[in-house]
Amino acid sequence: MHVTVLTLLACAHLSIASKIFFTTTSSTIVQDAGSVKLRCALLETGGEAVVGRAVSNTSYDVQIVNSIIVLRGASEIVATIVTTNPPEVKADVGLLTATGTLHPQDPSDPEYLELTWSNPGVNQAKTYTCEINALDLLGRAVTFEETLTLDYKPADTHVNVTNSTDLETTVNQLKAEVAEIKAALEALKVPHFEEGLVACENSDSWSSTGVSGYKGITKNVFFRSPYRTKPMVNAGVTVMDITSSLDIQYKVIVRDVTTVGFHLVCETWGTTKVNLISVRWTSNVA
């Protein structure tokens, strides 16, 4: 800011001073809570102050501001603005934006540099220093400095646990409702039922059962679709063509029932000769 009327200079020295203001929108970075801003500005203020290097204020208004620099920790440059260049981000690229000016259109407006982190985290929770380099009315270099610290706080885990518990309860309720619907649909289904015919022919070709005079044949029967549990199987003779000089002797046996099928055994003994035994079987849910 320039003083152009020399006759007012002494008055200006008495009533106008320069002071650095380094502020933040939040001194604590909360995980996933949104943006945080730092603003460093040099403002005109009234009052007396010590004059010298690395100060926070002067008792007079400085003539020219050459640069504003924001550092993190001891030496990491985060962003700068200098007389000949616009604001420039030096760290946290992609996460940080910088705005500011050293040449305000209105002389009463401050020179400033403002930093905005879109979603800061624990890496941004550090001590920051704002350094403003200027010249006084006699061309002497003056450096203003101010520091502030950003703390970090994780997201509220109690809220997350509560939400997680609520979600788990809702999921369990939905699972119970789905199970009830499935049971109701199962009750509406037509019970699984199958039937078929098996022919046992020409007992002369049958094998011995291991019992003297007995011979038989085993037929493997498979259901068209598997049962969910082992079904009940019934069998009965529908056609019989047998030759015998004495009594007619035969039997039909259902064995080894599973969810996918069963064995049907035809047996005969003595003088009986089986030309054909036709067996009708049925299966249904037990």
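In case you missed it, the structure is sitting above this.
Fair warning: this is a prediction, and the values are worked out from it, not measured in the lab.

Peer 1: Could you give an account of the overall build of the chain, naming the residues involved and the relevant values?
Peer 2: Tallying secondary structure elements over the chain gives two helices and 19 strands in all. Intrachain contacts of the chain at a sequence separation of at least 6 include 65% that bridge at least 24 residues. Here the chain has roughly 16,900 Å² of accessible surface; of this, 55% comes from carbon and sulfur atoms.

Peer 1: Describe the side chain of Thr116, listing the residues and the values that go with them.
Peer 2: Its location among the elements puts Thr116 in strand β9 (residues 111–117). For Thr116, a relative accessible area of 18% corresponds to the buried category. Apart from residues no more than four positions distant in its own chain, Thr116 is found in contact with Ser35, Val36, Lys37, Leu95, Leu96 and Thr97.

Peer 1: Residues and numbers for the state of the cysteines, please.
Peer 2: Across all of its chains, the model carries two disulfides by this definition. There is a disulfide in this structure between Cys200 and Cys266, and the S-S distance comes to 2.0 Å. Judged by the sign of its S-S torsion, about 65 degrees, the cystine formed by Cys200 and Cys266 is right-handed. Residue Cys200 is located in strand β13 (residues 193–201), and its partner Cys266 is located in strand β18 (residues 261–269); the two are separated by 66 residues in the primary sequence. Using a relative accessible area of 0% as the deciding quantity, one classes Cys200 as buried. Numbered by position along the chain, the disulfide-linked cysteines of the chain connect as 1-2, 3-4.

Peer 1: Lay out the pattern of salt bridges in plain terms, naming residues and giving numbers.
Peer 2: One pass over the structure, following the stated rule, counts 12 salt bridges. In this structure, the salt-bridge partner of Glu195 is Arg280, at a minimum N-O distance of 2.1 Å. With a gap of 85 residues between them, Glu195 in strand β13 and Arg280 in strand β19 (residues 273–284) connect regions that are remote in the sequence. When its relative accessible area of 35% is taken as the criterion, Glu195 is described as partly exposed. Residue Asp204 pairs with Lys273 through a salt bridge whose shortest N-O separation is 3.4 Å. Within this pair, whereas Asp204 is found in the loop between β13 and β14 (207–208), its partner Lys273 is found in strand β19, the two being separated by 69 residues in sequence. Looking at Asp204, the relative accessible area reads 49%, which means it is partly exposed. Lys273 gets classed as partly exposed once you look at its relative accessible area, which sits at 32%. The network of salt bridges with common partners includes Lys37, Arg39 and Glu114.

Peer 1: Tell me what's going on with the sheet that holds strand β15 (residues 214–222), and back it up with residues and numbers.
Peer 2: The strand order β14-β15-β18-β17 describes an open sheet built from four strands, whose pairing is antiparallel. Of all the strands in the sheet, just β14 and β17 (250–255) have a single pairing partner and so form its edges. Where β17 lies against β18, six bridges are found, and the strand directions are antiparallel. Residue Lys251 lies in a different strand from β18, and its bridge partner there is Glu267.

Peer 1: Which residues make up the environment of Asn133, and what values do they have?
Peer 2: Following the sequence through the fold, Asn133 ends up in strand β10 (residues 127–135). On the basis of relative accessible area, Asn133 is assigned to the buried category, the value being 17%. Not counting residues within four places of it along the chain, the set of residues in contact with Asn133 comprises Ile64, Val65, Asn66, Ser67, Ile69, Val142 and Thr143. Among the polar contacts listed, one links the side chain of Asn133 to the side chain of Glu131, at a separation of 3.1 Å.

Peer 1: Give me the sheet that holds strand β5 (residues 64–72): which residues, what numbers.
Peer 2: Strand order in this open sheet of five strands is β7-β6-β5-β10-β11, and the pairing throughout is antiparallel. The open sheet is flanked by β7 (85–89) and β11 (141–149), the only strands paired with a single partner. Strand-to-strand twist in this sheet, taken as the mean axis angle between neighbours without regard to direction, amounts to 15 degrees.

Peer 1: How would you summarise the nonpolar core if you had to cite specific residues and measurements?
Peer 2: Core analysis: the largest hydrophobic core is formed by 29 residues, its most contacted members being Ile68, Leu115 and Ile132. Broken down by secondary-structure element, the contributors of at least two residues to this core are β1 (17–24), β3 (36–45), β5, β6 (76–82), β8 (96–101), β9, β10 and β11. Not counting the four nearest positions on each side in its chain, Ile68 is found in contact with Cys40, Ala79, Thr80, Ile81, Leu102, Glu111, Tyr112, Leu113, Cys130, Glu131 and Ile132.

Peer 1: Break down the side chain of Thr143 for me, with residues and values.
Peer 2: Checked against the element boundaries, Thr143 lands in strand β11. Here Thr143 falls in the buried class, since its relative accessible area comes to 16%. Reaching out from Thr143, the side chain makes a polar contact with the side chain of Asn133 at a distance of 3.1 Å.

Definitions and limits used
Residues numbered from 1 in each chain as written. Predicted model: local features only at pLDDT ≥ 70, side-chain atom pairs only at ≥ 80, totals over all residues. Heavy atoms only, no water. Helix = DSSP H or I, 4+ residues; strand = E, 2+ residues; numbered from the N terminus. Contact = heavy atoms within 4.5 Å. Areas by Shrake-Rupley, 256 points an atom, 1.4 Å probe, with all protein chains shown as cover. Buried < 20%, exposed > 50% of the residue type's maximum accessible area, 1.4 Å probe, protein only. Disulfide = S-S within 2.5 Å. Salt bridge = Lys/Arg side-chain N within 4 Å of Asp/Glu carboxyl O. Pairing = 2+ DSSP bridges. Polar contact = N/O pair within 3.5 Å; in protein donor to acceptor, adjacent residues only side chain to side chain. Axes fitted to C-alpha atoms, helices over the stretch in contact; angles between N-to-C directions. Core = buried A, V, L, I, M, F, W, Y, C linked by side-chain atoms within 4.5 Å.

Purely geometric numbers; function is a separate question.
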